[in-house]
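# Reading the structure
One letter stands for each residue in the lines below.
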Amino acid sequence: MPLPKLPSKPAALLLAKDYPKADRTKPAGAAFAPPKPKLAAVAEAPPEPVAKPARVTKAKAAAPVAELAAPVAELAAPAPAPAPAAKPTARKEKPHVELEAHPVKHKPVEMMVKSKASRNADRSGMTKLFVLDTNVLMHDPSSLFRFEEHDVYLPMMTLEELDDHKKGMSEVARNARQVSRTLDALVGTLEDGAIENGITLSKLGNKDAKGRLFFQTRLQNGPMLPEGLPQGKADNQILGVVRNLESEQPGRAIVLVSKDINMRIKARALGLPAEDYFNDHVLEDTDLLYSGIVQLPDDFWNKNGKDMESWQENKNGTSATFYRVTGPTIPTLLVNQFVYLEPKNGEAPFYGQVKQLNGKTAVLQTLRDFSHNKNNVWGVTARNREQNFALNLLMNPECDFVTLLGQAGTGKTLLALAAGLAQVLETKLYNEIIVTRVTVPVGEDIGFLPGTEEEKMSPWMGAFDDNLEVLNKSDSDGGEWGRAATQDLIRSRIKIKSLNFMRGRTFVNKFLIIDEAQNLTPKQVKTLVTRAGPGTKILCLGNIAQIDTPYLTEGSSGLTYVVDRFKGWSHSGHVTLARGERSRLADHASEVL
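A few points on the structure.

Each value, and the rule that gives it
- Residues numbered from 1 in each chain as written.
- Predicted model: local features only at pLDDT ≥ 70, side-chain atom pairs only at ≥ 80, totals over all residues.
- Heavy atoms only, no water.
- Helix = DSSP H or I, 4+ residues; strand = E, 2+ residues; numbered from the N terminus.
- Buried < 20%, exposed > 50% of the residue type's maximum accessible area, 1.4 Å probe, protein only.
- Contact = heavy atoms within 4.5 Å.
- Areas by Shrake-Rupley, 256 points an atom, 1.4 Å probe, with all protein chains shown as cover.
- Polar contact = N/O pair within 3.5 Å; in protein donor to acceptor, adjacent residues only side chain to side chain.
- Salt bridge = Lys/Arg side-chain N within 4 Å of Asp/Glu carboxyl O.
- Pairing = 2+ DSSP bridges.
- Axes fitted to C-alpha atoms, helices over the stretch in contact; angles between N-to-C directions.
- Phe/Tyr/Trp six-rings, centres within 6.5 Å; stacked < 30°, edge-to-face > 60°.
- Lys NZ or Arg CZ within 6 Å of the ring centre and 35° of its normal.
- Core = buried A, V, L, I, M, F, W, Y, C linked by side-chain atoms within 4.5 Å.
- Parallel < 35°, antiparallel > 145°, perpendicular 65-115°, else oblique.
- Left-handed = near helix turned anticlockwise from the far one by under 90°.
- Nonpolar A, V, L, I, M, F, W, Y, C, P; charged D, E, K, R; others polar.

## A short note on the overall build of the chain
When you go through the chain residue by residue, the secondary structure sums to 19 helices and 18 strands. Relative to its full complement of 593 residues, the chain shows a buried share of 39%. Pairs at least 24 residues apart make up 69% of the contacts formed inside the chain by residues separated by at least 6 positions. Accessible surface computed for the chain: about 33,900 Å², of which carbon and sulfur atoms make up 54%.

## Let's talk about helix 18 (residues 558–566)
The complete set of buried residues in helix 18 reads Gly558, Leu559, Thr560, Val562, Val563 and Asp564. Its buried side turned inward, helix 18 meets strand 13 (401–406), helix 17 (522–529), strand 17 (537–542) and strand 18 (572–577). The N-cap residue of helix 18 is Ser557: its side-chain oxygen and the backbone nitrogen of Leu559 are 3.2 Å apart. Immediately beyond the C-terminal end of helix 18, within one or two residues, lies Gly568, with a positive phi of roughly 90 degrees.

## What to know about the pattern of salt bridges
Using the criterion set out here, one finds 14 salt bridges in the structure. Between Asp151 and Arg252 there is a salt bridge, and its shortest N-O distance comes to 2.5 Å. Note that Asp151 is positioned in strand 2 (residues 151–154) and Arg252 in the loop between helix 9 (234–248) and strand 5 (254–257), a separation of 101 residues in sequence. Asp163 serves as the salt-bridge partner of Lys166, at 3.0 Å between the closest nitrogen and oxygen.

## Section: the environment of Thr527
With respect to the secondary-structure elements, Thr527 resides in helix 17. Along the chain, Thr527 and Met502 lie 25 residues apart, while their C-alpha atoms are 7.8 Å from each other.

## Focus on the sheet that holds strand 1 (residues 129–132)
Sheets are built from strands that pair by backbone hydrogen bonding, the pairs being arranged parallel or antiparallel. The strand order 3-4-2-1-5-6 describes an open sheet built from six strands, whose pairing is mixed. On the outer flanks of this sheet lie strand 3 (199–200) and strand 6 (274–275), each paired with one strand and no other. Two strands pair when backbone bridges link them, and strand 1 and strand 2 are joined in this way by three bridges, in the parallel orientation. Residue pairing in the sheet places Leu129 in a bridge with Asp151 of strand 2. Set on the sheet, helix 8 (residues 171–187) makes contact with strand 2, strand 3 and strand 4 (212–215); between it and strand 4 the angle comes to about 100 degrees.

## Thoughts on the sheet that holds strand 10 (residues 338–341)
A sheet is described by the order of its strands in space; here six strands give the open sequence 7-10-11-12-9-8, paired in mixed fashion. Pairing within the sheet leaves two strands with one partner each, and these edge strands are strand 7 (293–295) and strand 8 (309–315). Averaged over neighbouring strand pairs, the angle between their axes works out to 30 degrees when direction is ignored.

## Things to note about the packing of aromatic side chains
Scanning the model with the defined rule gives 12 aromatic pairs in all. Between Trp301 and Phe350, the aromatic rings sit 5.3 Å apart at their centres with planes inclined by 80 degrees, giving edge-to-face as the arrangement. Of this pair, Trp301 sits in helix 11 (residues 300–304) while Phe350 sits in strand 11 (residues 350–358), and the two are 49 residues apart along the sequence. Residue placement shows Arg385 over the ring face of Tyr340; its charged tip is 4.0 Å from the ring centre.

## Examining the side chain of Ser143
Positionally, Ser143 belongs in the loop between helix 6 (134–139) and strand 2. Separated by 2.9 Å, the side chain of Ser143 and the backbone oxygen of Asp140 make a polar contact. Aside from chain neighbours lying at most four places away, what touches Ser143 is Leu132, Val136, Leu137 and Tyr277.

## Regarding the pairing of strand 4
Bridge analysis of strand 2 against strand 4 gives three bridges, and the strand direction is parallel. By the bridge assignment for strand 4, Val152 is matched with Leu213. Inspection of the sheet shows strand 3 paired to strand 4 by two bridges, in the antiparallel sense. The residue bridging Ile199 from the neighbouring strand is Leu213, located in strand 4.

## Concerning the nonpolar core
Within the largest apolar cluster, 39 residues are counted, with the highest numbers of intra-cluster contacts made by Leu394, Leu421, Ile433, Ile494, Ile513, Leu539 and Val575. Beyond its immediate stretch of four places on either side in the chain, Leu539 contacts Leu394, Val402, Ala416, Phe511, Leu512, Ile513 and Ile514. Leu137, Leu183, Val255 and Val257 belong to the second-largest nonpolar core, a separate cluster that totals 23 residues.

## Quick look at the packing of helix 9 against helix 10 (residues 261–269)
Viewed as axis vectors pointing N to C, helix 9 and helix 10 meet at an angle of 40 degrees, and their least axial separation amounts to 11 Å. Overall, the two elements helix 9 and helix 10 adopt an arrangement that is oblique. Seen along the crossing, helix 9 lies across helix 10 with a hand that is right-handed. Contacts between helix 9 and helix 10 involve Asp235, Asn236, Ile238 and Leu239 on the former and, on the latter, Met263, Lys266 and Ala267. Residue composition of the contact of helix 9 with helix 10, grouped by class: four nonpolar, one polar and two charged.

## Brief notes about the environment of Leu541
With respect to the helices, strands and loops of the structure, Leu541 is situated in strand 17. Sequence spacing of Leu541 and Lys412 is 129 residues, and the spatial spacing of their C-alpha atoms is 6.5 Å. Not counting residues up to four positions away in its chain, the partners in contact with Leu541 are Leu404, Lys412, Thr413, Ala416, Ile513, Ile514, Asp515, Glu516, Ala517, Gln518 and Leu559.

## Considering the packing of helix 7 (residues 156–164) against helix 9
Direction vectors running N to C along helix 7 and helix 9 enclose 150 degrees, while the axes themselves pass 9 Å from each other. By the angle class used here, helix 7 and helix 9 are roughly antiparallel. Mapping the contact onto sequence places Met157, Thr158 and Glu161 in helix 7 and Ala234, Gln237 and Ile238 in helix 9. Grouping the amino acids of the contact of helix 7 with helix 9 by side-chain chemistry returns three nonpolar, two polar and one charged.

See below:
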């Protein structure tokens, strides 16, 4: 495309009487061209720099735009002095920045806000005294040892509530019993009267805990809570303990730690410092969660392909091309991370996966194109880039652990089932598919269910039944009888198991699918993943925006935990599916509701 001719005269600031009218020859351009100072700055530059953009390879189209903007600059608002030429370029890279976050897309959650007293103590270097609410101990039994050099204080009411919750088989009851055993081990070897001076938290081998543990050894006396609050309630008694500690130790930061939002609000209303328990959060902001995909810069091959090597290998029955590249972009990558480059100049896109990393050198492998019908997986083809990445992970026998995140309708369950059926019934890589999920209802519980373990789990597995129906319809060659026989064969190779009976088991040569994994705690995820025996592949599917388990957030979910811990391991992979493919109705509902 040839460059347009230079304007006949340089841009100049006009007087009011010389200002062009709206009904001149090109009213549309004058009316709708936004009068931006950066265009005037470009126009006021001397004519010679027009040839200079040639050295910037990416901006061939940008130069004509700058030149065409010169006549428009005559209509721009008067500027007292021309801005430097570098500033418009820098601002041009960030065209539009939304200052206000969308209320649906970016919820103000996961904010780790410290109290003022805690921040002041951090600045002065003083140690703090954390008063723990009962729900912190029941949420994380090891929370006593998570406060580094600071001291921990347990009110008597906290011990009373631990005793009330220790009975039963629930996770909360198990955690309460674990805390009681830990406290017994800490207190057991103390002499009489020594408990008032505090117990060293590192005596059980927790070297990171350098503080001391204090118990409430006497009834509080001093300033009490306002008369309107009932004194018999456990939360109010703990608030009274915090108020009393502030009066006894006026120069020290006393901070209440609670997972109860209302408890923290009441404490703030009474002028008491209160914080959430942060140590169970994997990430401060789930927007920083590893996505498994990175877009390469447009000049990637120019900066990193100087001494590039390439070769071809035949792996798992398919031929793949490998590239060894060295450059400054490489250290930011991770093993098994997907990379892509989609040039806007009409060149062929590049989709690859990082296979090896060594300093500033990486080996990239090209991917198999599962969007083509000849590479379909049990009749399913990838409909977008992220689904193609996911199928490359699911069909790779060297990848033992796969996590798929995505909103409703992105194809997580369908891709997992299709890959499982193909590798169980066609390639015979695994013996059977095992499907499990957390039985957390969205609404009211439906009560006890009759039948065997598989019959009790069947109401929770409606999503798998729907996807099996879709996969079975894709086989149209065998007719009605053939589809019925295929369905019976598929059902015989899929086993539905409950999470309650997983402990102690070992799965050998199994394709294990954990659905709705966002409702699992990190401890439950560890229990499940450690069930894997030789030749087993584990898949974790979920959407961290749909957590139904109480006291579990996006930052503390077990799915977030394993995604963050497994990134960079050579035998695991993760993909965040971005685009919904269920239906236009479901996609629109996901956006606007």
